[in-house]
Amino acid sequence: MRSLLVVVSVHQGNTLKVAERMAQELEARLVTPEEIVPEDIAEYDLLGIGSGIFFGKFHRRLLQFVERLPRQEGKKVFVFSTSGLGQKAYNEFLEASLRKRGFQVVGSFACRGYDTFSVLKLFGGINRGRPNEEDLRTCALFAAQLKKECKQ
Ligand SMILES: Cc1cc2nc3c(=O)[nH]c(=O)nc-3n(C[C@H](O)[C@H](O)[C@H](O)COP(=O)(O)O)c2cc1C
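As the structure is a computational prediction, the values presented were derived from the model and not from experiment.

**Q** Help me understand the site of the ligand, please; the structure alone is not making it clear to me.
**A** Inspection of the region around the ligand gives 21 residues, with Ser9, Gln12, Thr15, Ile53 and Thr82 positioned closest. Between the ligand and leucine 85, the relevant distance is 2.9 Å, taken from an oxygen atom to a main-chain nitrogen or oxygen of the residue. Take tyrosine 90: an N or O atom from its side chain is 2.8 Å from a nitrogen atom of the ligand. Protein coverage of the free-state accessible area of the ligand, which is 650 Å², stands at 89%. A total of 3 residues in the shell around the ligand trace back to one element, the largest contributor, which is strand S3 (residues 46–54).

Next comes the structure, spelled out in structure tokens:
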């Protein structure tokens, strides 16, 4: 199974840590949106898309990439994010937008990430050290489960 992960990780490199662990598990190619032509996703069986959350949304560069993706007929995709709150609910908007484009959403992963936005910086930030080893183990299990399901 050929897998591709597209990631934007600009604040603390939190989402990149998650993406690297997933890529290891899935033996996936890991790129930024600027490193791939949207049409090239045709070469992959499974696509993963993730970034940090900024004011409730995925990073603009990632959303713009999704807007440029050609319409699909059930290609498998999963969504992942890191954020101050670590809520999976942040992923729902992107999941819906991918479904509208004809993707089949097969998974969603979220965890907390170190956050030093604005005044938080004055207090040393929140979630220092996250994603931590436990978060990364959970994310590796998520990827392993996907790998199993998508091969069937
Ligand atoms: C400008 C800015 C806005 C943010 N907005 C939110 C937010 O709305 N909700 C949240 O839970 N975290 C928010 N965060 C925290 C980031 O989502 C979190 O630090 C994330 O792990 C960053 O990922 P990255 O290091 O991969 O870029 C914000 C951070 C910044 C810098």
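Once you've had a look at it, read on.
**Q** I'm lost on the pattern of salt bridges in this one. Help?
**A** Note that side chains of opposite charge can pair when their charged atoms are close. By the definition in use, this model includes 6 salt bridges. For the salt bridge of arginine 21 with glutamate 133, the shortest nitrogen-to-oxygen distance reads 3.2 Å. You can see arginine 21 sitting in helix H1 (residues 14–26) and its partner glutamate 133 sitting in helix H4 (residues 133–151), a full 112 residues away along the chain. A residue is classified by how much of its surface remains accessible, and glutamate 133, at 45% relative accessible area, is partly exposed. Taking the shortest distance from any N to any O, the salt bridge between arginine 99 and glutamate 95 comes out at 3.8 Å.

**Q** Any chance you could explain the pairing of S3 here in plain terms?
**A** Taken across its 9 residues, S3 has 8 buried, putting it largely inside the fold. Examined bridge by bridge, strand S1 (residues 3–8) and S3 share 6 bridges and lie parallel to one another. Directly across from leucine 5, in S3, lies its bridge partner glycine 48. One ladder, built from 7 bridges, connects S3 with strand S5 (residues 76–83); its direction is parallel. Residue pairing across strands places glycine 48 opposite phenylalanine 78, the latter belonging to S5. The pairing of S3 with strand S4 (residues 57–58) spans 2 bridges and is classified as antiparallel. Looking at S4, one finds that isoleucine 53 is bridged to phenylalanine 58.

**Q** Would you mind going over the environment of asparagine 132 with me for this structure?
**A** On the secondary structure map, asparagine 132 appears in the loop between strand S6 (104–112) and H4. With a relative accessible area of 27%, asparagine 132 lands in the partly exposed category. With 75 residues separating them along the chain, asparagine 132 and lysine 57 place their C-alpha atoms 23 Å apart. Side-chain polar atoms of asparagine 132 contact the backbone nitrogen of glutamate 134, separated by 3.2 Å.

**Q** Even after reading the chapter, I still don't get helix H2 (residues 60–67), so can you show me in this structure?
**A** Three- or four-residue spacings in an α-helix give side chains the same orientation, since the helix completes a turn every 3.6 residues. Listed as buried for H2 are Leu62, Leu63, Phe65 and Val66. On an axial view of H2, the arc spanned by its buried residues comes to 155°, and they lie on one face. Exposed residues on H2 whose side chains face more than 90 degrees from its buried face are Arg60 and Glu67. Its buried side turned inward, H2 meets S1, S3, S4 and helix H3 (92–100).

Analysis parameters
- Residues numbered from 1 in each chain as written.
- Predicted model: local features only at pLDDT ≥ 70, side-chain atom pairs only at ≥ 80, totals over all residues.
- Heavy atoms only, no water.
- Near = heavy atom within 4 Å.
- Polar contact = N/O pair within 3.5 Å; in protein donor to acceptor, adjacent residues only side chain to side chain.
- Areas by Shrake-Rupley, 256 points an atom, 1.4 Å probe, with all protein chains shown as cover.
- Helix = DSSP H or I, 4+ residues; strand = E, 2+ residues; numbered from the N terminus.
- Salt bridge = Lys/Arg side-chain N within 4 Å of Asp/Glu carboxyl O.
- Buried < 20%, exposed > 50% of the residue type's maximum accessible area, 1.4 Å probe, protein only.
- Pairing = 2+ DSSP bridges.
- Arc of directions from axis to C-beta.
- Contact = heavy atoms within 4.5 Å.

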